[in-house]
Amino acid sequence: AYTTRHQVFDANGKLTLLEHSGNDGFKQTYTFDTTTGRYVTLEQHDTNGTDRFYSYAANGNSKLKIIHDAADTYNITAYVKGLTLDGGVHNDTFTFKSSVAGTVLYEGGNDTVVGFSARSGHIDLADGLVSSLSQVDVHQSGADTIVFIDNAHSLTLKNVAMTSLHDGWLTL
C-alpha cells in the first residue's frame, strides 16, 4: 500500500507529476503530457534495489525501457529509431526494437546487443578502452558478431553477420 502520494499541477490545473511511495522504499513517479493527459515517463524504484524507467510517446507508444539492477547492470530496450543507448561498465543488454539506426555507447563489460541494424547501426567505443581500432578483434561466432577487446571487454551483436556490417559501424 502507498503511504505517500504527491501531485503537481500546472497553472491550468493539469496534472504534470504524480508520485507514490511506501514505507518499504518502493516509489513510482509519473510525468504527464499536459496536452494529451497521458503519462510520458514512469520511474520506479523497487525494494530489491532495481530501478526501472519507461518513456512513452504522446500517443502512448513505448519509446524506451531501462532496467538497472542492484548488481549495476542495465537491460535497455529502444522502441524508436535514432536513440543512443549507454549502460556503463558492467555486463549490459541492449535491445533495438526498431530496424532503423541506433547507437550503443560501449563503455565496457561483456555486453549483448539484440536487434542491431547491420545497415545503419553504430557502436561507439568510449574513450580510454582502446587507442586504435586495430586493437579490436571483430570476428564471427556462429550467427553472432563479436567485438572483442579483452576478457573483461566484449560486445556480442546477436544474429548479425560480420560481412553485412556497413563501413563506419564501429568508431572511437
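Residues numbered from 1 in each chain as written. Predicted model: local features only at pLDDT ≥ 70, side-chain atom pairs only at ≥ 80, totals over all residues. Heavy atoms only, no water.

What to know about the sheet that holds strand β8 (residues 84-86)
An order of β8-β10-β12-β16 is seen for the four strands of this open sheet, with the pairing classed as parallel. Since the sheet does not close on itself, it has two edges, and those belong to β8 and β16 (170-171), each with one partner. In this structure, strand β12 (residues 122-125) lies alongside β16, joined through two bridges in parallel fashion. Within β16, the residue paired with Asp 124 across the bridge is Thr 171. (Pairing = 2+ DSSP bridges. Helix = DSSP H or I, 4+ residues; strand = E, 2+ residues; numbered from the N terminus.)

Observations concerning unusual backbone geometry
Its identity as a non-glycine residue notwithstanding, Asp 72 has a phi of 70°, on the positive side. Looking at where Asp 72 falls in the secondary structure, it is placed in the loop between β6 (62-68) and β7 (74-78). Unusually for a residue other than glycine, Asn 159 sits at a positive phi of about 55°. Along the chain, Asn 159 turns up in the loop between β15 (153-157) and β16. For Asn 159, a relative accessible area of 63% puts it in the exposed group. (Buried < 20%, exposed > 50% of the residue type's maximum accessible area, 1.4 Å probe, protein only.)

Examining the side chain of Asp 92
With respect to the helices and strands, the residue Asp 92 is situated in the loop between β8 and β9 (93-96). The charged side chain of Asp 92 is buried without a salt bridge, its nearest counter-charge being Arg 52 at 14 Å. Excluding its chain neighbours within four sequence positions, the residues that come into contact with Asp 92 are Asp 72, Thr 73, Tyr 74, Gly 87, Asn 110, Asp 111 and Thr 112. (Lys, Arg positive; Asp, Glu negative; His and termini not counted. Salt bridge = Lys/Arg side-chain N within 4 Å of Asp/Glu carboxyl O. Contact = heavy atoms within 4.5 Å.)

Some points on the pairing of β6
With six bridges joining them, strand β5 (residues 51-56) and β6 adopt antiparallel strand pairing. Its bridge partner being in β6, Tyr 56 is matched across the sheet by Ser 62. Hairpin connection between β6 and β7: a loop of five residues separates the two successive antiparallel strands, and Asp 72 in this loop has a positive phi of roughly 70°.

With respect to the sheet that holds strand β3 (residues 27-32)
Strand order in the open sheet formed by twelve strands is β1-β2-β3-β4-β5-β6-β7-β9-β11-β15-β14-β13, with mixed pairing between adjacent strands. Edge positions in the sheet fall to β1 (4-9) and β13 (137-141), since each has one partner strand and no second. Taken over all neighbouring pairs, the strand axes of this sheet differ in orientation by 10° on average, direction set aside. (Axes fitted to C-alpha atoms, helices over the stretch in contact; angles between N-to-C directions.)

Structural notes on the nonpolar core
In this structure, Val 113, Phe 116, Ile 123, Leu 157 and Trp 169 are the most contacted members of the largest nonpolar core, which totals 23 residues. If you list the elements that add at least two residues to this core, you get β7, β9, β10 (103-106), β12, β14 (144-150) and β15. Apart from the residues within four sequence positions on either side, Leu 157 is in contact with Val 113, Phe 116, Ile 123, Asp 144, Thr 145, Leu 165 and Trp 169. (Core = buried A, V, L, I, M, F, W, Y, C linked by side-chain atoms within 4.5 Å.)

A look at the packing of aromatic side chains
Inspection of the entire model under this criterion finds five aromatic pairs. An angle of 80° between the planes, with centres 6.3 Å apart, marks the rings of Phe 32 and Tyr 39 as edge-to-face. Centroid distance Tyr 39 to Tyr 56: 5.4 Å. Interplanar angle 90°. Geometry classified as edge-to-face. Of this pair, Tyr 39 sits in strand β4 (residues 39-45) while Tyr 56 sits in strand β5, and the two are 17 residues apart along the sequence. (Phe/Tyr/Trp six-rings, centres within 6.5 Å; stacked < 30°, edge-to-face > 60°.)

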